[in-house]
Amino acid sequence: MKKIIYTTFFTGLSFLLQAQSDIGSILTSIAVNNKTLQASSHLTETQKLEAHTGNYLSNPTIEFNQLWGDKTTGGNINELAVVQSFDFPTVYTNKNKLAGLKSTGYDYQFAGIRQQILLLAQQTCLEIIYLRKQQALLDERLENARHLSELYAKRLEQGDANQLELNKIQLELLNAQNGARLNSAALKAKQEQLQTLNGGIPIKFTGTQYPVSENLPDFQQLESEYMALDPNLKNLSTQAEIAGREIRLSRAQSLPKFDIGYRRNGGSDETLNGFVVGLSIPLFENKNTVRKAKAQFEYSNAVIEDNTRNLKSNLQQLYEQATALQTSCKEYSEILTEQHSVELLNKALMAGQISMIDYFVELTTFYDSRQNYLNVEKEYYNTLAQLYRYKL
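Residues numbered from 1 in each chain as written. Predicted model: local features only at pLDDT ≥ 70, side-chain atom pairs only at ≥ 80, totals over all residues. Heavy atoms only, no water.

Structural notes on the overall build of the protein
So, point 1. Helix and strand counts for the protein come out as nine helices and four strands.
So, point 2. Along the protein, helices and strands appear, N-terminal first, in the series α-α-β-β-α-α-α-α-β-β-α-α-α.
So, point 3. In the protein, buried positions account for 39% of the 392 residues.
So, point 4. When contacts within the protein are restricted to residue pairs at least 6 apart in sequence, those whose partners lie at least 24 apart make up 83%.
So, point 5. With the model as given, the accessible surface of the protein reaches about 22,600 Å², and the carbon-plus-sulfur share is 53%. (Helix = DSSP H or I, 4+ residues; strand = E, 2+ residues; numbered from the N terminus. Buried < 20%, exposed > 50% of the residue type's maximum accessible area, 1.4 Å probe, protein only. Contact = heavy atoms within 4.5 Å. Areas by Shrake-Rupley, 256 points an atom, 1.4 Å probe, with all protein chains shown as cover.)

Encoded structure:
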């Protein structure tokens, strides 16, 4: 039997730092190769170009008229007019600022998508680490079951054991084989998922330990940093700014528009040249646009308030969960590190100090406790990943 070795919660610092570095390099690769991020990047650039479209002067208008007349009255008349229309200057100012805000909003949208994908990649790495740790536990249990099965098969031949005892061990062996087999399949699936996140490009992740865990900061500090850096919340704030700018733009568009140009009449005895000046009064075209913009502004602020409240509540729940899980991890680690129950149980069973039924009751309790530790540990690091997602 191999000696059972446990890794305490805050030991193996250099190895854990290496694991953290491994996950960091995985996230860097996925940020470059992920197909969804690539598509989103192109879409963002398209949206930003679209946001700046239509912020310039409208196209000039060129008109040419041919009028036929009696030669006695001067003959034909040719008329040429070149006219440029433009809005009130504040319209262009607000349009340019609005385009800048929209571009910023599109950047935040992309950052939100990027954060989601990198969080999924990080959680996939954590799941792979969990499955590898679980595989080690299952392999250890399988090795112990095989050892006992071989030993009791010999003892049955020698008359030192009965068939019922061997049957119990064979069932344990079957369960251990099945558990190891299913876990191996799950591990392979997660590795394939990681490759898919990397754009289908093969990627090697060898981590077997979780990144080093720091003590949780004060909740107010964590909340303040999260709220300041969360791209989704920043995007909502930008949308509110856009709505406010839309109000200014709508008011500016309610001001008159101007036409200015050059006109030339020729073909008669006298050629006439002059300027064209026009004024467009927006009585109907922009009706209710200001009211619409105000309603959108109120809606954006309501959405920000609702999302902020939900985000704070979710953070509080995650923080409390992480605190409880951290305590559980420490307690499991401290107790399990000092125990070598399998070795002791095997010695007691071989010496006839305990029955086969008692042996399996104790063995099941021991392995269940170690499995619970793995589950709690995984949940703890998964919760940390969600708490610190704003750093991705």
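Here's the deal with the packing of helix α3 (residues 89-158) against helix α4 (residues 163-197)
So, point 1. In contact at an axis separation of 7 Å, α3 and α4 are set at 160 degrees when each is read in the N-to-C sense. With respect to each other, α3 and α4 are oriented roughly antiparallel. Every pair of crossing elements has a handedness; the one defined by α3 and α4 is left-handed.
So, point 2. Across the contact of α3 with α4, the residue classes break down as 22 nonpolar, twelve polar and eight charged. (Axes fitted to C-alpha atoms, helices over the stretch in contact; angles between N-to-C directions. Parallel < 35°, antiparallel > 145°, perpendicular 65-115°, else oblique. Left-handed = near helix turned anticlockwise from the far one by under 90°. Nonpolar A, V, L, I, M, F, W, Y, C, P; charged D, E, K, R; others polar.)

Here's the deal with the side chain of Q209
So, point 1. As for its position among the elements, Q209 is in the loop between α4 and α5 (219-229).
So, point 2. Its relative accessible area of 15% is what places Q209 among the buried residues.

Thoughts on the packing of aromatic side chains
So, point 1. For the coordinates displayed, the defined rule picks out seven aromatic pairs.
So, point 2. Both rings, one in Y332 and one in Y373, keep their centres 6.0 Å apart while their planes meet at 35 degrees; by these two values the pair is tilted. With a gap of 41 residues between them, Y332 in helix α7 (residues 289-337) and Y373 in helix α9 (residues 356-387) connect regions that are remote in the sequence.
So, point 3. The class for Y332 is partly exposed, based on a relative accessible area of 25%.
So, point 4. On the basis of relative accessible area, Y373 is assigned to the buried category, the value being 8%.
So, point 5. Here the aromatic cluster, defined as three or more aromatic residues joined through ring pairs, consists of Y210, Y380 and Y381. (Phe/Tyr/Trp six-rings, centres within 6.5 Å; stacked < 30°, edge-to-face > 60°.)

Remarks on the pattern of salt bridges
So, point 1. Here the structure, examined in full by the defined rule, presents seven salt bridges.
So, point 2. A salt bridge links D107 to K48; its shortest N-O distance comes to 3.3 Å. Taken as a pair, D107 in helix α3 and K48 in helix α2 (residues 35-51) lie far apart in primary sequence, 59 residues in all.
So, point 3. When the shortest N-O distance is used, the salt bridge between R309 and E305 registers 3.8 Å. (Salt bridge = Lys/Arg side-chain N within 4 Å of Asp/Glu carboxyl O.)

Digging into the confidence of the model for the protein
So, point 1. Here the protein shows a mean pLDDT of 83. Residues at 70 or above account for 90%.
So, point 2. At the low end of the mean pLDDT range in the protein sits helix α1 (residues 13-33), at 71; at the high end sits α2, at 92.
So, point 3. Low pLDDT, under 50, characterises residues 1-20; the predicted model gives this stretch 46 contacts beyond four residues in sequence or across chains. (pLDDT = per-residue confidence, 0-100.)

Digging into the side chain of R132
So, point 1. Along the polypeptide, R132 turns up in helix α3.
So, point 2. Not counting residues up to four positions away in its chain, the partners in contact with R132 are L187, Q191, F205, T206, G207 and T208.

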